[in-house]
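Here's the letter readout for the chains.
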Amino acid sequence: MNTQEVDFTYRLWRHDGAPGELIPLLQSAQEHFGYIPRRAITYISGVTNTPESTIYGVITFYSQFRLQPMGKHRIRLCCGTACHVAGAQTLLDALRDELGVEENGTTEDGVFTLFTVACLGCCSLAPAMMINDETYGSLTPAAARKIIRTIRREENKKAEKEKSVA
Amino acid sequence: MPTLTINDITVQAPEGATLLEAARTAGIHIPTLCHLPGVHAPGACRVCLVEVEGARTLMASCVTPAHDGMRVRTNSPRARNGRRDVVELLLSEHEGDCTTCARSEDCELRAIAREAGVKEVHYQGERRPTRLDHSTKGLVRDTGKCILCRRCVAVCQNVESIGAIAPQERGFGTYVGPAFHAPLSEVTCVQCGQCSLVCPVGAIGERDQVDEVWRALNDPHLHVVVQTAPAIRAALGECFGLPPGSRVTGKMVSALRRLGFGAVFDTDFSADLTIMEEGHELLARLRGALGGGPKHGPLPMFTSCCPAWIQFAEHFAPDMLHNLSTCKSPQQMLGALAKSYYAEKIGKKPEDVFVVSIMPCTAKKFECDRDEMRDSGAKDVDVVLTTRELGRMIREAGIDFTSLPDEVMDAPLGISTGAADIFANSGGVMEAALRTAYEVVTGRPLPSIQLEPVGPMAAGGVHQASIQVNDVVPAWSFLEGQTVTVAVVHGLAHARQLLEDVRAGRRSPHFVEVMTCPGGCIGGGGQPRPTTDEVRQARIRAICEEDASKPLRTSHTNPGVTQLYEEFLGAPLGERSHHLLHTHYHPRCFVAKAPQAQKATPKPCAEARPES
Ligand code: SF4
Ligand code: SF4
Ligand code: SF4
Ligand code: FES
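Residues numbered from 1 in each chain as written. Chains lettered and ligands numbered in written order. Predicted model: local features only at pLDDT ≥ 70, side-chain atom pairs only at ≥ 80, totals over all residues. Heavy atoms only, no water.

A. How the structure looks around empty space enclosed by the protein. Residue and element names in this part refer to chain B. For the coordinates displayed, the defined rule picks out 8 cavities of 30 Å³ or more. In this structure, the largest cavity occupies an estimated 260 Å³ of space. Put simply, the parts of the chain that give the lining of the largest cavity at least two residues each are α8 (267–290), α9 (307–316), α10 (330–345) and α11 (363–367). Residue composition of the lining of the largest cavity, grouped by class: 20 nonpolar, 6 polar and 1 charged. Roughly 130 Å³ of volume is contained in the second largest cavity. Leu 282, Leu 283, Leu 286, Leu 434, Ala 437, Tyr 438, Val 441, Ile 467, Val 469, Leu 479 and Val 484 are the residues that line the second largest cavity. Contributions of two or more residues to the lining of the second largest cavity are made by α8 and α14 (428–442). It is α14 that provides the largest number of residues to the lining of the second largest cavity, a total of 4 residues. Of the residues assigned to the lining of the second largest cavity, the class counts are 11 nonpolar, no polar and no charged. (1 Å grid on protein atoms, 1.4 Å probe; cavity = no way out; pocket = protein on both sides within 12 Å on 5 of 7 lines; lining within 4 Å. Points joined across faces, edges and corners; volume = space filled by probe spheres on them. Helix = DSSP H or I, 4+ residues; strand = E, 2+ residues; numbered from the N terminus. Nonpolar A, V, L, I, M, F, W, Y, C, P; charged D, E, K, R; others polar.)

B. Molecular detail of the packing of aromatic side chains. A full pass over the atoms with the stated rule returns 10 aromatic pairs over all chains. Plain terms: the ring middles of A:Phe61 and A:Tyr62 are 5.1 Å apart, the flat faces sit at 80° to each other, and that makes the pair edge-to-face. Cluster of aromatic residues (ring-pair linked, three or more members): B:Phe302, B:Trp309, B:Phe312 and B:Phe316. Looking at B:Arg131, its charged tip hangs above the ring of B:Tyr175, at a distance of 3.7 Å from the centre. (Phe/Tyr/Trp six-rings, centres within 6.5 Å; stacked < 30°, edge-to-face > 60°. Lys NZ or Arg CZ within 6 Å of the ring centre and 35° of its normal.)

C. Representation of the site of ligand 2 within the structure. The local shell around ligand 2 consists of B:Cys146, B:Ile147, B:Leu148, B:Cys149, B:Arg150, B:Cys152, B:Val176, B:Cys199, B:Pro200, B:Val201, B:Ala203 and B:Ile204. Its residues assigned to classes, the shell around ligand 2 comprises 11 nonpolar, no polar and 1 charged. (Near = heavy atom within 4 Å.)

D. Broad picture of a nonpolar patch on the surface. Residues and elements named next belong to chain B. A contiguous nonpolar patch, built from Leu 89, Val 121 and Tyr 123 and spanning about 230 Å² of accessible area, is present on the exposed surface. One can find Leu 89 in helix α2 (residues 77–93). Of the residues examined, Leu 89 reaches a relative accessible area of 43% and is grouped as partly exposed. (Patch = residues over 30% accessible without salt bridge, like charges linked within 9 Å, V, L, I, M, F, W, Y side chains within 5 Å. Areas by Shrake-Rupley, 256 points an atom, 1.4 Å probe, with all protein chains shown as cover. Salt bridge = Lys/Arg side-chain N within 4 Å of Asp/Glu carboxyl O. Buried < 20%, exposed > 50% of the residue type's maximum accessible area, 1.4 Å probe, protein only.)

E. Broad picture of the environment of A:Met129. Counting through the fold element by element, A:Met129 comes out in strand β3 (residues 129–131). The spatial distance from the C-alpha of A:Met129 to the C-alpha of A:Pro51 is 39 Å, given a sequence separation of 78 residues.

F. A look at the confidence of the model for chain B. This prediction gives chain B a mean pLDDT of 93; 96% of its residues lie at or above 70. Reported for the predicted complex are a pTM of 0.89 and an ipTM of 0.86. (pLDDT = per-residue confidence, 0-100.)

If you want it as structure tokens, here you go:
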């Protein structure tokens, strides 16, 4: 059992109904699962005696909580001032279109999750985005699409290989 | 007692009163919207703003305590403009069209806009997104009309302990709804409609089925009969401007005839019948538990007239379903009889009789649709209309309700006693059952007993009483000297607590009446709005008067019921009643799967749903 799991189950186990426990519980559930699955909501609801509707309300209120698993590749599009001026919005539109998801959304195949961030700290490269630890600068919508397609192709290849092995 | 001035009038406010309450004692009206007395006062809507001398901003009077020496103005230009701005802002987001909205007649937002003197909405902005939820039988929801007062959330969570709905998302995107963006039918909502009773606007209402009834009435092949619940006669008048508590039984009957119903029956009849069946069931259970007779189900026995309570038990108390009386609710008994006993009498097939129920209740719409409710060979009750829908239907037909003559219900399913009338009040089913059971067991009438709620009841309540049984007739000798304990609960939060107490052995009543709606069915989710505590009190009084006005006041003296047993059913709990008048329940509970290595045992029926 990893430490996060211990933390989550420990917190649930020793929960004594004190108010204010809900957010820490949700945070540890998210650390454990990478997102907050439905069964965790149901479970927390039972233990804390809080209706699921209220818990879901808290989750959808705070942007830190996720209801879907994180994609394999995390795209962080910079929307800081420099990037904004350099056309981050058109990049965002292009990425949304290419991926078929909204901000904070994960693609159906679970490959990408799209985030926007306030500033990546590489304003000289504006407009910029990071995919995992890799930074891409001076982007155009077409360039951004191309990067996505390249990664997707590699992922597809990998998946096929795994299939043929299995 | 703080002394303050409001609009230059000196007011002695009760200790702990808010400015709103202080103003009311002085006869000064301040509009409110989110405030729901006895249930919730979040101070959120700001419709009740007043000017307090020395305060920087206008204050929400519903949450500001009255202090000694305060100088308050409710009527200054600043206060009036402040309130008007607030209302204008609400209107600018409100996605509603008053001309077609089912709520326009009694909409609180509309009334407040008038009161605040709004003549034009100066703010132009985005309207609230509309999400329609038509998933349940009883209710429809439209978030576009919602003004986010959260009254419904407070009632659902605090009074009914269901928590089916809560605010979701944030900012302008905030809306009230169930978890998981799920429709209401997929969460533990019991369709009591209390949310629709307190919603100030048209964002939650009953599913309107008036047109279905018109269609049936116009179908020459159908014999359309109607039954009216006990609670309607004490409330229907409010739809036509009569004061709360007006008894309109006779006018209601003539209105129904004029609408074209072939026969007007009384759910009171089957309420009397329920007492015969349920009373005997209770005595049989008592004999099993106390008198060494054959076991006939566990104690305490819970009443089963309220479909929202039944659904609650199926969700949250699957371990106690055998404690529910197996009796169907009076509406379903009458439906089953109308399509068997009565249909035979008039030489019709069950499917050619169409049964409409007028109920104070949205959960009854759900109940009549249950698979178990088809024992006559067809759907026992075809359509349920709430009091509010009947009011609209009468108006649509152009009937001048207040000038109607008084008429009486049709035999045989329209004959009733006073014991049936009080089914409408919390405590009434209990009292009616005790009247008959006590008389059967002792041969004497029940000593007077106070079971209906007194005082505030918006949040529900619980009431326990004991009856000493002495000098019994020989057949019931096992009850000699016993003390029978009964409990009366209204509001499911209290029912949940009582269930916990019974499970833990802290309470052990023999018989428990549960009504979902505060005050009982007179405060049902389908009743005219507003239903405040004063209105509930007035309706309860009217029902008690109706009871007192009847020559017969115990169910077993109802001649129609006696005839029914002689001609058709045989004896209470007999073969035929078992088939037509009794039912069974099934758990709706899904226990959450615990994460592995989880020590806390999940509650047997916490708010759990299957994984998606
Ligand atoms: S009908 Fe009753 S249970 Fe359902 S949401 Fe409304 S108040 Fe809650
Ligand atoms: S649905 Fe009605 S009661 Fe509920 S928050 Fe909206 S306006 Fe208020
Ligand atoms: S108390 Fe009466 S009106 Fe309310 S849900 Fe139950 S049966 Fe319906
Ligand atoms: S009624 Fe006072 S803030 Fe809503």
